[in-house]
Amino acid sequence: MQQSPPHIPTDVFQRAQATGQPVVFVVNDTPSGLPWRRIVVPFAIVGAVVAGGWGLVAAICFLLDAAAHTFTVIADAAGPLGIGGITLRLARSKNT
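Residues numbered from 1 in each chain as written. Predicted model: local features only at pLDDT ≥ 70, side-chain atom pairs only at ≥ 80, totals over all residues. Heavy atoms only, no water.

## Let's talk about the overall build of the protein
From N to C terminus, the protein includes two helices and two strands. The buried share of the protein, taken over its 96 residues, is 7%. (Helix = DSSP H or I, 4+ residues; strand = E, 2+ residues; numbered from the N terminus. Buried < 20%, exposed > 50% of the residue type's maximum accessible area, 1.4 Å probe, protein only.)

Written out as structure tokens, the structure is:
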């Protein structure tokens, strides 16, 4: 007499052997534990957004710095501006 595999009840296996009925095996292939992909993808998206935000801040700071230097160079080259009796000095010279 054949021995039944441990995952099939003995009476079901013996009846299938006697009558020739097929035995259906159901395999659960869902892995146990945490679904890492479901956890890692949102963190990757948030990390990319944060890195992009810091890059945007750095680019704005660079552009503002370049604009300030450009304004200083133009104002220094223009010298004092006067309209009527009011004179406006846009930039200090390096000597004072």
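Having seen the model, we can carry on.
## Quick word on a nonpolar patch on the surface
Together, Val46, Val50, Trp54 and Val57 make up an exposed nonpolar region whose accessible area comes to about 410 Å². Looking at the element boundaries, Val57 is found in helix α2 (residues 36-78). Judged by relative accessible area, which is 40%, Val57 ranks as partly exposed. (Patch = residues over 30% accessible without salt bridge, like charges linked within 9 Å, V, L, I, M, F, W, Y side chains within 5 Å. Areas by Shrake-Rupley, 256 points an atom, 1.4 Å probe, with all protein chains shown as cover. Salt bridge = Lys/Arg side-chain N within 4 Å of Asp/Glu carboxyl O.)

## Focus: α2
Compared with the 63 Å implied by 1.5 Å per residue over 43 residues, the 63 Å span of α2 between its first and last C-alpha is a close match. Two residues or fewer after α2 comes Gly79, characterised by a positive phi angle close to 80°. (Expected span 1.5 Å × (residues − 1).)

## Let's talk about the confidence of the model for the protein
Averaged over the protein, the pLDDT score is 80; the fraction of residues at 70 or greater is 78%. Taking the mean pLDDT of every element in the protein, the minimum, 70, falls on strand β1 (residues 81-83) and the maximum, 92, on α2. (pLDDT = per-residue confidence, 0-100.)

## Looking at the environment of Ile8
Examined against the element boundaries, Ile8 turns out to sit in the segment before α1 (10-19). Residue classification places Ile8 among the buried residues on the basis of a relative accessible area of 9%. Setting aside chain neighbours within four positions, we find Ile8 in contact with Phe13, Val23 and Phe25. (Contact = heavy atoms within 4.5 Å.)

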